[in-house]
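What follows is the residue order along each chain.
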Amino acid sequence: MPTIHLTTVIHAPRERVFDLSRSIGLHKKSMERTREEPIKGKTSGLISYGESVTWQAKHLGKLRQLTTKITAMDKNVHFTDEMEEGDFTFMKHDHYYKEIGNGTVMIDLMEFGTPYGWLGRMVERFYLVNYMTKLLCLRNDTIKEYAESDKWRVILD
C-alpha cells in the first residue's frame, strides 16, 4: 500500500492555511491542468466535517470521478478526507497543521490502493505514486502561494 508523505512550510497563520486547504475553489484552481471540477455534493466554499464532494477530471487520458468525504476534523489542526467512490480500492488523505514561529508546517499523509492485483501494484510503484505526489505538490504550492500573499483574501473574504 503506497503512502505519500509531504511536508510544506508556509509563512502564514495556521488558521489561514487550514481554511485554504478546505477551499473547493482553490483546489479547483490548483488542478486547472486536469480541468478538475466539483460536480456533486459541496461544490463551493469551505468543505467541513461530514460533507462530501465529487470531483470530475481527466487523468491518464480518461474522464474520471472521485467522491471524497471529510471523516475527521479538529479545527486548525487536522482533517481527513476518504474516498467514497472512485477508481482506487481505497484512498485516505490526512492533513496536519502545526504552528511554528514564522508560520505553519503543513503535513500530508496519503494512502491509496489500486485494483487489479499484482498489475495494479506495479502501476502504483512505477507510475501512480509519482503522479499523485506531483498532483499533491501542485496543490500545496498553490496553497502556499495564496497563503503567503494577499491572494488568500479572494478565497476567504
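Here's a quick rundown of the structure. (Residues numbered from 1 in each chain as written. Predicted model: local features only at pLDDT ≥ 70, side-chain atom pairs only at ≥ 80, totals over all residues. Heavy atoms only, no water.)

**Thoughts on the overall build of the protein**
Tallying secondary structure elements over the protein gives four helices and seven strands in all. Its helices and strands in sequence order give the protein the pattern β-α-α-β-β-β-β-β-β-α-α, from N to C terminus. Its C-alpha atoms give the protein a radius of gyration of 15 Å, near enough to 15 Å, the size a compact globule of 157 residues would have. Each of the three principal axes of the protein carries a C-alpha extent, and together these read 45 × 30 × 30 Å. The buried share among the 157 residues of the protein stands at 42%. Counting every atom, the protein has about 8600 Å² of accessible surface; 53% of that belongs to carbon and sulfur. (Helix = DSSP H or I, 4+ residues; strand = E, 2+ residues; numbered from the N terminus. Rg over C-alpha atoms; globule rule 2.2 N^0.38 Å. Buried < 20%, exposed > 50% of the residue type's maximum accessible area, 1.4 Å probe, protein only. Areas by Shrake-Rupley, 256 points an atom, 1.4 Å probe, with all protein chains shown as cover.)

**Some points on the pattern of salt bridges**
Charged atoms that come close allow side chains of opposite charge to pair. Under the definition given, this model contains 11 salt bridges. Close ionic contact of D19 with R22 constitutes a salt bridge, the shortest N to O distance being 2.7 Å. Accessibility assignment for this pair places D19 and R22 in one class, buried. (Salt bridge = Lys/Arg side-chain N within 4 Å of Asp/Glu carboxyl O.)

**Considerations on the nonpolar core**
Within the largest apolar cluster, 18 residues are counted, with the highest numbers of intra-cluster contacts made by I10, V17, L20, Y97, M106, I143 and A147. Looking at this core, the elements that each hand over two or more residues are helix 1 (14-21), helix 2 (24-30), strand 3 (52-59) and helix 3 (117-147). For V17, the residues in contact, after removing those within four places along its chain, are I10, A12, Y97, T104, M106, I143 and A147. Listed in part, the 13 residues of the second largest apolar core include L6, F88, M110 and L136. (Core = buried A, V, L, I, M, F, W, Y, C linked by side-chain atoms within 4.5 Å. Contact = heavy atoms within 4.5 Å.)

**Examining a nonpolar patch on the surface**
Taken together, L60, Y116, W118, L119, M122, V123, F126 and Y127 make up a surface patch of nonpolar side chains, about 930 Å² in accessible area. On the secondary structure map, L119 appears in helix 3. Look at L119 and you get partly exposed, because its relative accessible area is 47%. (Patch = residues over 30% accessible without salt bridge, like charges linked within 9 Å, V, L, I, M, F, W, Y side chains within 5 Å.)

**Side note on the layout of surface pockets**
Put simply, the largest pocket is a space of about 880 Å³. The wall of the largest pocket is formed by 38 residues, among which H59, L66, F88, M91 and M132 lie closest to the centre. The set of elements that each furnish at least two residues to the lining of the largest pocket consists of helix 2, strand 3, strand 4 (62-74), strand 5 (78-85), strand 6 (90-100) and helix 3. When the residues that make up the lining of the largest pocket are grouped by side-chain class, the tally is 22 nonpolar, 10 polar and six charged. (1 Å grid on protein atoms, 1.4 Å probe; cavity = no way out; pocket = protein on both sides within 12 Å on 5 of 7 lines; lining within 4 Å. Points joined across faces, edges and corners; volume = space filled by probe spheres on them. Nonpolar A, V, L, I, M, F, W, Y, C, P; charged D, E, K, R; others polar.)

**Remarks on the environment of P115**
Relative to the elements of secondary structure, P115 occurs in the loop between strand 7 (103-113) and helix 3. Sequence separation between P115 and E32 is 83 residues; the distance between their C-alpha atoms is 27 Å.

**As for the sheet that holds strand 6**
One open sheet accounts for seven strands, arranged 1-7-6-5-4-3-2; its pairing is antiparallel. Edge positions in the open sheet fall to strand 1 (3-10) and strand 2 (37-41), since each of these has one partner strand only. Averaged over all adjacent pairs, the angle separating strand axes in this sheet is 25°, with direction ignored. Sitting on the sheet, helix 1 touches strand 1, strand 4, strand 5, strand 6 and strand 7, and the angle it makes with strand 6 is about 160°. With respect to the sheet, helix 3 is in contact with strand 1, strand 3, strand 6 and strand 7, its orientation differing from that of strand 1 by roughly 20°. (Pairing = 2+ DSSP bridges. Axes fitted to C-alpha atoms, helices over the stretch in contact; angles between N-to-C directions.)

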